Amino acid sequence: MDWITTVDHKKIAVLYLIAGGFFFGIGGIEAILIRIQLMKPMNDFVSAQVFNELITMHGTTMIFLGVMPIIFALMNAVVPLQIGARDVAFPFVNALGFWTFLFGGLLLNLSWLMGGAPDAGWTSYTPLSGSEYSGTHGVDFYTIGLQIAGLGTLIGGINFLATIITMRAPGMSYMRMPMFTWTTFITSAIILFAFPAITVGLVLLTFDRILGANFFDVAGGGNPVLWQHIFWIFGHPEVYILILPAFGIISEVIPTFARKRLFGYSSMVFATILIAFLGFMVWAHHMFTTGLGTVANALFSISTMLIAVPTGIKIFNWLFTMWGGQIRFTAANLFAVGFVPTFVMGGVTGVMLASAPADFQFHDTYFVVAHFHYVIVGGLVLGLFSGLHYWWPKMFGRVLSETLGKWTFWTFMIGFQLTFFVQHFLGLMGMQRRIVTYLPNQDFDLLNLVSSVGAFLMGVGVIMFLVNIVITTRKPVDAPNDPWEDGRTLEWSIPSPPPEYNFKQTPLVRGIDAYWKEKMAGHTEMTPAEPVGSIHMPSATPLPFVMSVGIFIAGLGLMFSKDDFGNAFMNGLFNNYIVVIIGLLITFGAMALRSLYDDHGWHIEPEDQDEKGVRT
Amino acid sequence: MMKQWQVAKRILPLLAVFSLLLSACGREDLSVMKPQGPVAQGQYDLMKLSIAIMIVVLIIVFAIAAYVLIRFRRRAGQNEMPEQVEGNFKLEVIWTAIPLLLVIVLAVPTVKTIFAQGEDLSNDKNAIQVKVTSHQYWWEFTYPQYDVTTAQDLIIPTGKKIAFELKTADVLHSFWVPSLAGKMDTNPDGTLNKFSFSAPNEGVYRGKCAELCGRSHAFMEFKVKAVSQESFDKWVNEMKAPAVLPEDTQLAEKFKTNCLSCHAVGDQGGPVAPNLTGIGGKQSVAGILLNQGEGQEDGNPVLDNMKEWLHDPQSVKPGNTMPNPKDLGLTDEEIDGIAEYLANYKLDYE
Ligand code: HEM
Ligand SMILES: [Cu+2]
């Protein structure tokens, strides 16, 4: 119950982590099933229909429901602490963001149980995703589930923007913010601009499918290429929503374990902003073969290649952060160090793809599958593992086993390289992506087998991580404030886990790496910026949960509004939009309650301010 | 063009090693790395240039990383704080400038190739015009200059430029012959795509659909057969010759009523399904069941493939729209009879 009503950013972080981990597991199982099917030519482990559902759900689940929430988990856990805040700007809204995300994700995955998952690829290109060619409810689950989950993401992004703009501790100017906070800030800005595009796209597709509109239907005067533009105007920035937080994590972990401040801080900030900006200008590089014409292809080729410049800046800055430092190879740092070359691999193939005539050959082949997994798995997932090992003690008060962590790293890393390196060659040898099987004797057999074996190894790596969590959870909560001893940012100046109110007294920030600066000055604590006093806290409330349940019910109702249940009562309920109305009533009712009753929260008085962390 | 390649010369040795390495794998009729025509060659050259540049980048980054990781690991008893370096303006400018330079080296030939290969040949009298129409899950090829339509096997004369106009009859597909040229999507009317390639050498090249198009996306393959100009002319004539029907008149009647309502042979039948003229001599049945022949190690006798298809089209290509002949009321013997007739229906043009 406590977990359903919580509005504490630290608990919401844990909720995001659990939910993200759950969906990541589902996406991982789907990946393994895909790789079993492709292990040998003309395999019939799954049918063609199930295969298309597997790739669609694997991609959709991983991107929207697997890694995004884990990113949000880390942001929620860390950002308020890094800027010296007691919570996020809108704790109620933060909880609402989580619950809408969760119910959207659950709705999407219900499709496996309710007559067919979406099967048109995670990009859901029309007309294949239209009701004429995708007759089950699969794509409806996609449009409505993602719509609801996307709402949560958008809410979360806006909340972080407001938090970072308004709640920084005294002295923390923008150019003193830790890099992870910076990338959270920029990521949230991208979310703010990119998610409305997919929202509109999903609404239009829902209209086409459920209400018979013609936005993408040629016969009705629509245009299927329009969907591609809308999708990628969102979809390309989405890639940066995923990778920028990983950049942030790496920029925290590497300095800590090299015992040096980040090299070229201001150029890092500048590069991050530039990447975000360019990220919006290059969407059509996903559409070179759509027939945009030579001029458009030339322009988008060049703008895409330009992203290599800020990315290069970052890579070299990380390398030179370590230069002259004293590097410790903890599990967290292994993942961070492993990230650098792997991500560079993904980056260089990206530049290769940007060359439009060459992309005519690469596009929609396994070369692309290899490229984006190098970026998303080799970049983001390694980054997330690094961040989780790094901040675990701060979140839970227990340090993860280093030995198991190192084992996780090596198994995962070797498995990863085996899986995806060979796929570059498969693509060049003529293997297109999203195919359920392939003919023998095309030189595809051996490399596909290698790729599948690698995938199993990655699976083993992930299981080791889970085992590590289970073992660690049994240990006593005894992590010190600064378990890595070289913590540089504010979160390491308070207990692990932090007390409910984070900072008893808001700290005064005197420079970049505020806590490290105090330590160097011989202090053990931050200098406070205010006297000890009563701390205002927001009240716990179940309303965000209730509102999300309402949206979930409305979504289901809309989806089945045209169905014949063979039962007059059910037909009456659904076909007259009664279910939709009930769902919306629940949501709006909860909103009304929230606005009508003023809740001023409560206070923790100085005598109750127990310095020890209060959560597990 | 040449000037830009001058820059690439420095990395030429690397380039040589890599083209060797790359071209070591893949089939000639299928691999991007063994281009068999000028368009694919141009694209492959760009790929080699970009791979060479990227290898250089990788080597530099990996070398620095390895050095740093070995040289600067923390040793036991090392406790003094390392110097906290803020950054270095000069270094940072250098690693902004170098990627920019590399990008320019790649961008210039890229743009040139884009414009060179984007030429519109749809009014070129010397080019063979081909209208490609993709269907779930088969390919239709129409030659408007010759008034000929065929399916699955695209026959072209060697050396001639083939100017394509692409469209789809249903969902999006993508037309791809890796060893001859990169892919191009087939969009619905209103957004037709054009492109062209040519094949200097005789041979059969494998083509694939590269855009997820439904359940049998993986099975939507086709072949491009490049033959001499004379053979091509002969083929056109054979295609235009009157239809050959089964000798057994009863079977012929069954074939007409049940199959020719959608398919066509010669001058008879309809355009709804793949044209069957000369199907016995094609490279495959339904694009995916390879017939025995050159370069098709796993090919089965065409009669076997034909029977497999006609006895259960759904198991070969799930989701395709051909009705099962059994459901049309044909007996097993009749189906075998039609299979035999079709397997023997070959055009003599080579
Ligand atoms: C165990 C690790 C993973 C393995 C073995 C794996 C494997 C695969 C395979 C074989 C495909 C299908 C390629 C095709 O035919 O189109 C695929 C597609 C995809 N994967 Fe993964 N993957 C893994 C992890 C991830 C992660 C962590 C993400 C993202 C966060 C991800 C994102 C995607 C996306 C977006 C697609 C495209 C789906 C589509 O075509 O609609 N994968 N993956
Ligand atoms: Cu297709």
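Residues numbered from 1 in each chain as written. Chains lettered and ligands numbered in written order. Predicted model: local features only at pLDDT ≥ 70, side-chain atom pairs only at ≥ 80, totals over all residues. Heavy atoms only, no water.

1. Let's talk about the overall build of chain B
Phase 1 of the analysis: Along its length, chain B carries nine helices and 14 strands.
Phase 2 of the analysis: In terms of C-alpha radius of gyration, chain B reaches 27 Å, well past the compact-globule figure of 20 Å for 350 residues.
Phase 3 of the analysis: Taking the principal axes of the C-alpha coordinates as reference, chain B spans close to 100 × 50 × 40 Å.
Phase 4 of the analysis: Restricting the contact set of chain B to residue pairs at least 6 apart, pairs at least 24 apart contribute 62%.
Phase 5 of the analysis: Counting every atom, chain B has about 15500 Å² of accessible surface; 56% of that belongs to carbon and sulfur.
Phase 6 of the analysis: Side-chain charges in chain B split into 33 positive and 41 negative, and the spacing between the mean points of these groups amounts to 11 Å. (Helix = DSSP H or I, 4+ residues; strand = E, 2+ residues; numbered from the N terminus. Rg over C-alpha atoms; globule rule 2.2 N^0.38 Å. Contact = heavy atoms within 4.5 Å. Areas by Shrake-Rupley, 256 points an atom, 1.4 Å probe, with all protein chains shown as cover. Lys, Arg positive; Asp, Glu negative; His and termini not counted. Charge placed at Lys NZ, Arg CZ, Asp CG, Glu CD.)

2. Let's talk about the site of ligand 1
Residues and elements named next belong to chain A.
Phase 1 of the analysis: Taken together, the neighbourhood of ligand 1 is formed by 24 residues, with His58, Trp122, Tyr366, His373 and Arg434 sitting nearest.
Phase 2 of the analysis: Here His58 contributes a side-chain N or O atom positioned 2.8 Å from a nitrogen atom of ligand 1.
Phase 3 of the analysis: Contact between ligand 1 and Arg434: an oxygen atom at 2.6 Å from a side-chain N or O atom of the residue.
Phase 4 of the analysis: Listed by contribution, the elements that provide at least two residues to the shell around ligand 1 are helix H2 (9-37), helix H3 (48-82), helix H13 (366-396) and helix H15 (445-473).
Phase 5 of the analysis: At seven residues, the largest contribution of residues to the shell around ligand 1 is made by H13. (Near = heavy atom within 4 Å. Polar contact = N/O pair within 3.5 Å; in protein donor to acceptor, adjacent residues only side chain to side chain.)

3. Here we look at the coordination of the iron atom of ligand 1
All names here are of chain A.
Phase 1 of the analysis: Those protein atoms acting as donors to the iron atom of ligand 1 are His58 (NE2) and His373 (NE2), and they sit at 2.0 to 2.1 Å.
Phase 2 of the analysis: In this structure, the iron atom of ligand 1 is coordinated by six donor atoms arranged in octahedral fashion, with angles at the metal of 88 to 180°. With a gap of 315 residues between them, His58 in helix H3 and His373 in helix H13 connect regions that are remote in the sequence.
Phase 3 of the analysis: Relative accessible area serves as the criterion here: at 14%, His373 is assigned to the buried category. (Donors = N, O, S within 2.8 Å, 3.2 Å for Na, K, Ca; no water. Tetrahedral: all angles 85-135°; square planar, octahedral: opposite > 155°, others 65-115°. Buried < 20%, exposed > 50% of the residue type's maximum accessible area, 1.4 Å probe, protein only.)

4. A closer look at the packing of helix H11 (residues 331-354) of chain A against H13(A)
All names here are of chain A.
Phase 1 of the analysis: It is at 8 Å that the axes of H11 and H13 come closest, and there the two elements cross at 160°. When the interaxial angle is binned, H11 and H13 end up roughly antiparallel. Along this stretch, H11 crosses H13, giving a crossing that reads as left-handed.
Phase 2 of the analysis: In terms of residue class, the contact of H11 with H13 is built from 16 nonpolar, eleven polar and no charged. (Axes fitted to C-alpha atoms, helices over the stretch in contact; angles between N-to-C directions. Parallel < 35°, antiparallel > 145°, perpendicular 65-115°, else oblique. Left-handed = near helix turned anticlockwise from the far one by under 90°. Nonpolar A, V, L, I, M, F, W, Y, C, P; charged D, E, K, R; others polar.)

5. Some words on the nonpolar core
Phase 1 of the analysis: In terms of nonpolar packing, the biggest core is built from 290 residues, with A:Trp318, A:Leu319, B:Tyr143, B:Phe164, B:Phe175, B:Phe197 and B:Trp235 touching the most fellow members.
Phase 2 of the analysis: With 21 residues, the top contributor of residues to this core is H3(A).
Phase 3 of the analysis: In contact with B:Trp235, not counting residues within four places along its chain, are B:Tyr143, B:Val148, B:Thr150, B:Ile155, B:Leu347 and B:Tyr349.
Phase 4 of the analysis: One finds A:Phe92, A:Ile155, A:Leu543 and A:Met547 within the second-largest nonpolar core, a separate group that totals six residues. (Core = buried A, V, L, I, M, F, W, Y, C linked by side-chain atoms within 4.5 Å.)

6. Remarks on the coordination of the copper ion (ligand 2)
Residue and element names in this part refer to chain B.
Phase 1 of the analysis: Binding of the copper ion (ligand 2) to the protein goes through His173 (ND1), Cys209 (SG), Cys213 (SG) and Met220 (SD), at separations of 2.1 to 2.8 Å.
Phase 2 of the analysis: Around the copper ion (ligand 2) sit four donor atoms, and with donor-metal-donor angles ranging over 80 to 134° the site reads as irregular.
Phase 3 of the analysis: Taken in chain order, the donor set of the copper ion (ligand 2) reads H-x35-C-x3-C-x6-M.

7. Some words on the pattern of salt bridges
All names here are of chain A.
Phase 1 of the analysis: One pass over the full model with this rule turns up 22 salt bridges over all chains.
Phase 2 of the analysis: For Arg328, the salt bridge is made with Asp486, and the minimal N-O distance between the two is 3.5 Å. You can see Arg328 sitting in the loop between helix H10 (308-322) and H11 and its partner Asp486 sitting in the loop between H15 and helix H16 (514-520), a full 158 residues away along the chain.
Phase 3 of the analysis: What makes Arg328 partly exposed here is its relative accessible area of 22%.
Phase 4 of the analysis: For Asp486, a relative accessible area of 6% corresponds to the buried category. (Salt bridge = Lys/Arg side-chain N within 4 Å of Asp/Glu carboxyl O.)

8. Points about the interface of chain A and chain B
Phase 1 of the analysis: The partner chain B presents 88 residues to the 91 residues of chain A that form the contact.
Phase 2 of the analysis: Interface of chain A and chain B: buried area, both sides summed, is about 7800 Å²; carbon and sulfur atoms make up 70% of it.
Phase 3 of the analysis: The largest per-residue losses of area from chain A upon contact with chain B belong to A:Arg259, A:Gln326 and A:Gln361, which jointly make up 9% of the total buried on that side.
Phase 4 of the analysis: At the junction of chain A and chain B, the tally comes to two salt bridges.
Phase 5 of the analysis: Residues A:Asp486 and B:Arg74 are paired through a salt bridge, measuring 3.7 Å at the closest nitrogen-oxygen approach.
Phase 6 of the analysis: Counting every contact that joins chain A to chain B gives 26 residue pairs in polar contact (both at pLDDT 80 or more). (Buried area = accessible area lost by both parts, 1.4 Å probe.)

9. Section: the sheet that holds strand S8 (residues 193-197) of chain B
Residue and element names in this part refer to chain B.
Phase 1 of the analysis: Judged by pairing direction, the sheet is mixed, and its five strands sit side by side in the order S3-S2-S1-S5-S8 without closing on themselves. Edge positions in the sheet fall to strand S3 (148-151) and S8, since each of these pairs with one other strand and no more. Across this sheet, the average inter-strand angle for adjacent strands is 25°, counted without regard to direction.
Phase 2 of the analysis: Looking at chain direction, strand S5 (residues 162-168) and S8 are connected through five bridges and run antiparallel. Bridging across to S8, Leu166 finds its partner in Asn193. (Pairing = 2+ DSSP bridges.)

10. Some thoughts on helix H4 (residues 89-117) of chain B
Phase 1 of the analysis: Look at H4(B): 42 Å from first C-alpha to last across 29 residues, which is about the 42 Å you get at 1.5 Å a residue.
Phase 2 of the analysis: Within the sequence span of H4(B), burial applies to B:Glu92, B:Trp95, B:Pro99, B:Val103, B:Val105, B:Leu106, B:Ala107, B:Pro109, B:Thr110, B:Thr113 and B:Ile114. (Expected span 1.5 Å × (residues − 1).)

11. Focus on the side chain of B:Asp170
Phase 1 of the analysis: You can see B:Asp170 is positioned in the loop between S5 and strand S6 (173-177).
Phase 2 of the analysis: Buried within the structure, B:Asp170 lacks any salt-bridge partner; its nearest side chain of opposite charge belongs to B:Lys317, at an N-O separation of 11 Å.
Phase 3 of the analysis: Side-chain polar atoms of B:Asp170 contact the backbone nitrogen of B:Gln136, separated by 2.8 Å.
Phase 4 of the analysis: At 3.0 Å, the side chain of B:Asp170 forms a polar contact with the side chain of B:His173.
Phase 5 of the analysis: When residues no more than four places from it in sequence are discounted, the contact partners of B:Asp170 are A:Pro127, A:Tyr133, B:Ser134, B:His135 and B:Gln136.

12. Structural notes on the confidence of the model for chain B
Phase 1 of the analysis: Model confidence for chain B is summarised by a mean pLDDT of 90, while 93% of its residues fall at 70 or above.
Phase 2 of the analysis: Model confidence for the complex: the whole-complex pTM is 0.92, and ipTM, which rates the interface, is 0.93. (pLDDT = per-residue confidence, 0-100.)

13. Regarding the packing of aromatic side chains
Residues and elements named next belong to chain A.
Phase 1 of the analysis: Following the criterion strictly, the structure yields 77 aromatic pairs over all chains and no others.
Phase 2 of the analysis: With a centroid separation of 5.2 Å and an interplanar angle of 75°, the aromatic rings of Trp122 and Phe231 are classed as edge-to-face. Placement of Trp122 in the loop between helix H4 (91-110) and helix H5 (138-166) and of Phe231 in helix H7 (residues 224-258) is noted, with a sequence separation of 109 residues between them.
Phase 3 of the analysis: Residue Phe231 is classed as buried on the basis of its relative accessible area of 0%.
Phase 4 of the analysis: Residues Phe335 and Phe409 carry aromatic rings whose centres are separated by 5.1 Å and whose planes lie at 90° to one another, so their mutual orientation is edge-to-face. With Phe335 in helix H11 and Phe409 in helix H14 (residues 402-428), this pair connects stretches of sequence that are 74 residues apart.
Phase 5 of the analysis: Members of the aromatic cluster, connected to one another through ring pairs, are Tyr16, Phe22, Phe23, Phe72, Phe98, Trp99, Phe101, Phe103, Phe160, Phe545 and Phe552.
Phase 6 of the analysis: Across from the ring centre of Tyr174, 3.9 Å away, lies the NZ or CZ of Arg168, which sits over that ring.
Phase 7 of the analysis: In this arrangement the basic side chain of Arg488 is found over the ring face of Trp516, its NZ or CZ atom lying 4.7 Å from the centre. (Phe/Tyr/Trp six-rings, centres within 6.5 Å; stacked < 30°, edge-to-face > 60°. Lys NZ or Arg CZ within 6 Å of the ring centre and 35° of its normal.)

14. Details of the packing of H11(A) against H14(A)
Residues and elements named next belong to chain A.
Phase 1 of the analysis: With their axes 9 Å apart at the nearest point, H11 and H14 run at an angle of 10° to one another. Considering their axes alone, H11 and H14 lie roughly parallel with respect to each other. Residues Ala331, Leu334, Phe335, Gly338, Thr342, Met345 and Thr349 of H11 form the contact with H14, whose participating residues are Glu402, Gly405, Lys406, Thr408, Phe409, Trp410, Met413, Phe416, Gln417, Phe421 and His424.
Phase 2 of the analysis: Here the residues of the contact of H11 with H14 sort into nine nonpolar, seven polar and two charged.

15. As for H5(A)
Phase 1 of the analysis: Taking 1.5 Å per residue as the helical rise, H5(A) with its 29 residues ought to reach 42 Å, and the 42 Å between its terminal C-alpha atoms agrees with that figure.
Phase 2 of the analysis: H5(A) sits mainly inside the fold: 25 of its 29 residues count as buried.

16. Comments concerning unusual backbone geometry
Phase 1 of the analysis: Residue A:Ser496 is joined to A:Pro497 through a cis peptide bond whose omega torsion reads -10°.
Phase 2 of the analysis: By the secondary structure assignment, A:Pro497 is in the loop between H15 and H16.
Phase 3 of the analysis: Here B:Gln136 and B:Tyr137 are connected by a cis peptide whose omega angle stands at 0°.
Phase 4 of the analysis: The phi dihedral of A:Asp364 falls on the positive side, at around 55°, and the residue is not glycine.
Phase 5 of the analysis: Note that A:Asp364 resides in the loop between helix H12 (356-362) and H13.
Phase 6 of the analysis: The class of A:Asp364 is buried, set by a relative accessible area of 5%.

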